[in-house]
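This is what each chain is made of:
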Amino acid sequence: MKICFHGTADEISRVTGRPLLVLLTARDLPRMRVFELHRPRIHAYSAHKHYRLCAAMTETTDEGRTA
């Protein structure tokens, strides 16, 4: 699955600095799902000091292995 995040340099660095990403779901069980980011790319929009991070994302098990 591909995912993109938009934000400031500080917000994007918080996402890229982590090997695993935890997302909370509203309706699905389990309520917390763990994903690993692969091949991240960052696009800068200097006029607005805004950035976009795009990456492939795979769900992992509790032990950190790809599901």
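Remember, predicted model here, so these are calculated numbers, not experimental data.

(A) View of the sheet that holds strand β3 (residues 32-45). A sheet is described by the order of its strands in space; here four strands give the open sequence β1-β4-β3-β2, paired in antiparallel fashion. Edge strands, defined here as strands with exactly one partner in the open sheet, are β1 (2-7) and β2 (20-24). On average, each strand axis in the sheet is tilted by 45° relative to the strand beside it, whichever way the strands run. One ladder, built from five bridges, connects β2 with β3; its direction is antiparallel. Bridge pairing in β3 places V22 opposite V34. Along the sheet, helix α1 (residues 9-16) makes contact with β1, β3 and β4 (50-59), crossing β1 at roughly 145°.

(B) Just the confidence of the model for the protein, in detail. Across the protein, the average pLDDT comes to 79, with 85% of residues at or above 70. Highest mean pLDDT in the protein belongs to β4 (89); lowest belongs to β2 (78).

(C) Here's a closer look at the state of the cysteines. Applying the stated criterion across every chain yields a total of one disulfide. A sulfur-sulfur distance of 2.3 Å marks the disulfide that ties C4 to C54. Residues C4 and C54 share a disulfide whose torsion about the S-S bond is about 105°; that sign makes it right-handed. Here the residue C4 occupies a position in strand β1, and C54 occupies one in strand β4, the gap between them amounting to 50 residues. The exposure class assigned to C54 is buried, which follows from its relative accessible area of 3%.

Conventions we followed
- Residues numbered from 1 in each chain as written.
- Predicted model: local features only at pLDDT ≥ 70, side-chain atom pairs only at ≥ 80, totals over all residues.
- Heavy atoms only, no water.
- Pairing = 2+ DSSP bridges.
- Helix = DSSP H or I, 4+ residues; strand = E, 2+ residues; numbered from the N terminus.
- Axes fitted to C-alpha atoms, helices over the stretch in contact; angles between N-to-C directions.
- Contact = heavy atoms within 4.5 Å.
- pLDDT = per-residue confidence, 0-100.
- Disulfide = S-S within 2.5 Å.
- Buried < 20%, exposed > 50% of the residue type's maximum accessible area, 1.4 Å probe, protein only.

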